[in-house]
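Observations on the model geometry
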Amino acid sequence: MGDADLLRSLGIDPAQLDPAPPWAPRAGVERLDGSHPCVRCGKPATATGVVVAPGYGRRWLDRCMPCLIATTPRGGPRAPLVETVNVLREAAREAGVALTIVTDES
């Protein structure tokens, strides 16, 4: 997911984000002084990063840790779902555990 997609998924207007400098390795740490709110929930930000917003350039994306975790894109399983399910079934069988797997695929 690109920066523009991330902002769109969060419902954030890039114009509302503070401009970020072109290069400032310590600026992110200095920014986490409690004065910047999380863009998602408004609590003090404990994590920050820079996104590049088309038409707006580099912008700070400040989030608290729970919102950062909740909004960080993650990849799905690398293998097809059926292979992942088969591995789980085999592991449960070897462990002697009763397992019911429910998927949204037919």
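Everything that follows concerns the structure shown earlier in this document.
Presented here is an overview of the structure given in this document. (Residues numbered from 1 in each chain as written. Predicted model: local features only at pLDDT ≥ 70, side-chain atom pairs only at ≥ 80, totals over all residues. Heavy atoms only, no water.)

With respect to the pattern of salt bridges
Considering all chains together, one arrives at four salt bridges under this definition. Two residues, Arg 31 and Asp 62, come together in a salt bridge whose shortest N-O distance is 2.7 Å. Within this pair, whereas Arg 31 is found in helix α2 (residues 27-31), its partner Asp 62 is found in strand β2 (residues 57-63), the two being separated by 31 residues in sequence. Each member of the pair, Arg 31 as well as Asp 62, is classed as buried. Note that Arg 93 and Glu 90 form a salt bridge whose closest N and O atoms lie 2.5 Å from each other. One end of the pair, Arg 93, and the other, Glu 90, are both in helix α4 (residues 81-95), three residues apart, so they sit about a helical turn from each other. Residues joined in a network through salt bridges with shared partners are Asp 18, Arg 31 and Asp 62. (Salt bridge = Lys/Arg side-chain N within 4 Å of Asp/Glu carboxyl O. Helix = DSSP H or I, 4+ residues; strand = E, 2+ residues; numbered from the N terminus. Buried < 20%, exposed > 50% of the residue type's maximum accessible area, 1.4 Å probe, protein only.)

Re the environment of Ser 35
Mapped onto the secondary structure, Ser 35 falls in the loop between α2 and β1 (47-53). In this structure Ser 35 comes out as exposed when scored by relative accessible area, which is 51%. Each C-alpha atom of the pair Ser 35 and Ala 92 lies 49 Å from the other, and the pair is 57 residues apart in sequence. Of note is the side chain of Ser 35, whose polar atom sits 2.6 Å from the side chain of Asp 33. (Polar contact = N/O pair within 3.5 Å; in protein donor to acceptor, adjacent residues only side chain to side chain.)

Looking at the side chain of Arg 59
Counting through the fold element by element, Arg 59 comes out in strand β2. Polar contacts involving the side chain of Arg 59 include one to the main-chain carbonyl oxygen of Leu 17, which spans 2.6 Å. When residues no more than four places from it in sequence are discounted, the contact partners of Arg 59 are Pro 14, Ala 15, Leu 17, Asp 18, Pro 19, Ala 20, Gly 49, Val 50 and Val 51. (Contact = heavy atoms within 4.5 Å.)

Details of the nonpolar core
By size, the foremost hydrophobic cluster in this structure holds seven residues: Leu 6, Leu 7, Ile 12, Leu 17, Val 51, Ala 53 and Leu 61. Elements with a contribution of two residues or more to this core: α1 (3-10) and β1. Setting aside chain neighbours within four positions, we find Val 51 in contact with Asp 3, Leu 7, Leu 17, Gly 57, Arg 58, Arg 59 and Leu 61. (Core = buried A, V, L, I, M, F, W, Y, C linked by side-chain atoms within 4.5 Å.)

Re the pairing of β1
Sheet topology note: the β1/β2 ladder contains seven bridges and is antiparallel. Across the sheet, residue Gly 49 finds its bridge partner in β2, namely Leu 61. (Pairing = 2+ DSSP bridges.)

Structural notes on the pairing of β2
Residues in a regular strand project their side chains so that they alternate between the two faces of the sheet. Most of β2 is tucked away, with five of its seven residues classed as buried. Where β1 folds back onto β2 in an antiparallel hairpin, the turn is made up of three residues, including Gly 55, whose phi is positive at roughly 85 degrees.

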